[in-house]
Amino acid sequence: MTLCTPSSTRRSSRWAEINRNSYAKKEDILSRFLLEREKDPGCFDNKYLRDIILNFVIAGRDTTAGTLSWFLYVLCKDQRIQDKIAREVRQATTGDHQDVGRVREFTACLTEGAIGSMHYLHAALTETLRLYPAVPVDVKCCFSDDTLPDGHAVRRGDMVNYQPYAMGRMKFLWGDDADEFRPERWLDDDGVFVPESPYKFTAFQAGPRICLGKEFAYRQMKIFAAVLLYLFRFEMSEHNSTVGYRPMLTLKMDGPLYVCVSPRRSTGN
Ligand code: HEM
């Protein structure tokens, strides 16, 4: 049992108000959750909140960070595509004539509508995930005896892998240019992004347990990529160098990615 004197009740409600104000000022996700709980104290407990945060860290950090590294790598290899994305970002945000040199001013132009209209950037990120899926191999365990759609029988306890890395490079799924990085394959004639079935493009898994953070991941990666490509141009520090991968839970590069970064101006690209 907790005994509250009038003054301690006043103190705790004052404390709650101070907390609320400090969460409201912060814009990170944890503060937003804490603010929601202040408004509706029964909505979730600390354990639930801990699990959400762990999910974000475990499922959402290396996946998006790794994808952005591969994205920069493929853009260093193809300056035409890099410039095309930079042009799209400029057109969707500040337009052709205005040059905003500072990150804070530029991010103010990254509205929901602007991010949504960046179809080529969306396609380039998706194409990166086709060739370099953050989860290259995913293991499943059979809960019961079953028959897979192609007729293969599996027994309870069997382990089954599906391999987004291999599937993303199969010619019979993607055509003869399957090895090529070509964002255009995701766009229709009007330049609008056309998604593929998640059973063909499996980077986020498919079905009821598909990645919960997919939309969040795209948004985060698009914001990050837009800021970087609006302001800077990236080139490999050694032009013909390539990077390999390390087979781990997520698809890591097998060494550092050395790039040269230079400011990008509105004149030219
Ligand atoms: C490029 C970025 C990402 C990729 C490629 C990716 C991929 C995946 C894959 C393949 C799975 C299925 C794992 C399995 O069950 O075997 C998964 C699950 C999950 N992802 Fe992501 N993920 C990404 C980013 C994120 C982010 C940013 C978040 C959260 C903020 C997130 C949250 C989750 C959660 C909660 C699950 C478990 C869903 C469930 O089991 O019902 N992911 N993700």
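Throughout, a residue's number is its position along its own chain's written sequence, starting from 1. Local features in this predicted model are restricted to residues whose pLDDT is 70 or higher, and side-chain atom pairs enter the listing and the counts only when it is 80 or higher, whereas totals over whole chains, interfaces and linings include all residues. Hydrogens and water are ignored here; the side-chain numbers use all heavy atoms of the structure.

A word on the pattern of salt bridges
Any carboxyl oxygen of Asp or Glu within 4 Å of a side-chain nitrogen of Lys or Arg constitutes a salt bridge here. Applying the stated criterion across every chain yields a total of 18 salt bridges. Linking Lys 39 and Glu 36 is a salt bridge whose minimum nitrogen-to-oxygen distance equals 3.1 Å. One end of the pair is Lys 39 and the other is Glu 36, both in helix 2 (residues 29-39) and three residues apart, which spans about a single turn. Residue classification places Lys 39 among the exposed positions, given a relative accessible area of 56%. Given the relative accessible area of 41%, Glu 36 is considered partly exposed. Measuring nitrogen to oxygen at the nearest pair gives 2.9 Å for the salt bridge that ties Arg 130 to Glu 127. Of this pair, Arg 130 and Glu 127 both sit in helix 7 (residues 119-131), three residues apart, which is roughly one turn of the helix. Of the residues examined, Arg 130 reaches a relative accessible area of 1% and is grouped as buried. Whether a residue is buried, partly exposed or exposed follows from its accessible area with a 1.4 Å probe, protein chains only, as a fraction of its type maximum: under 20%, in between, or over 50%, in that order. Glu 127 gets classed as buried once you look at its relative accessible area, which sits at 0%. Helix numbering and strand numbering both begin at the N terminus, where a helix is a DSSP run of H or I of at least 4 residues and a strand a DSSP run of E of at least 2.

Looking at the coordination of the iron atom of the ligand
Listed donor atoms are N, O and S within 2.8 Å of the metal (Na, K and Ca: 3.2 Å). As water is not included, a site may look incomplete. In this structure, the iron atom of the ligand receives exactly one donor atom from the protein: Cys 211 (SG), at 2.3 Å. The residue Cys 211 is located in the loop between helix 9 (171-174) and helix 10 (214-231) in this model.

Some thoughts on the site of the ligand
Note on terminology: near, applied to a residue and a molecule or strand, indicates that one of the residue's heavy atoms is within 4 Å of it. The ligand sits among 22 residues. The nearest are Asp 138, Lys 140, Ala 203, Arg 209 and Cys 211. In protein, a polar contact means a hydrogen-donor-capable atom and an acceptor-capable atom, both N or O and within 3.5 Å, with residues adjacent in sequence counting only if both atoms are side-chain atoms; elsewhere, any N or O pair within 3.5 Å suffices. Residue Lys 140 places a side-chain N or O atom 2.8 Å away from an oxygen atom belonging to the ligand. Contact between the ligand and Arg 209: an oxygen atom at 2.7 Å from a side-chain N or O atom of the residue. Elements supplying a minimum of two residues to the shell around the ligand: helix 3 (46-77), strand 1 (138-141) and helix 10. For the shell around the ligand, a count of residues per class yields 12 nonpolar, seven polar and three charged. Each residue receives one of three labels: charged for Asp, Glu, Lys and Arg, nonpolar for Ala, Val, Leu, Ile, Met, Phe, Trp, Tyr, Cys and Pro, and polar for the others, Gly being one of them.

Description of the packing of aromatic side chains
A pair of aromatic rings is counted whenever rings of Phe, Tyr or Trp (Trp by its six-membered ring) have centres within 6.5 Å, and the orientation is called stacked for planes under 30 degrees apart, edge-to-face for over 60 and tilted otherwise. Taken as a whole, this structure holds 12 aromatic pairs when the rule is applied. Aromatic side chains Trp 174 and Trp 186 sit 5.6 Å apart centroid to centroid with 45° between the ring planes, which places their arrangement in the tilted category. With a gap of 12 residues between them, Trp 174 in helix 9 and Trp 186 in the loop between helix 9 and helix 10 connect regions that are remote in the sequence. With a relative accessible area of 1%, Trp 186 lands in the buried category.

Focus: a nonpolar patch on the surface
A patch consists of residues exposed above 30% relative accessible area that lack any salt bridge, with like charges linked at up to 9 Å and nonpolar side chains (Val, Leu, Ile, Met, Phe, Trp, Tyr) linked at up to 5 Å. Accessible areas in this description were obtained via Shrake-Rupley with a 1.4 Å probe; residue shielding takes into account the shown protein chains only. Taken together, the side chains of Leu 54, Phe 56, Val 57, Ile 58 and Phe 216 present a nonpolar region at the surface, about 470 Å² in accessible area. A per-element tally of the nonpolar patch places helix 3 first, with four residues. Secondary-structure assignment places Ile 58 in helix 3. Residue Ile 58 is classed as exposed on the basis of its relative accessible area, which comes to 64%.

Bear in mind that shape data such as this cannot, by itself, settle questions of function.
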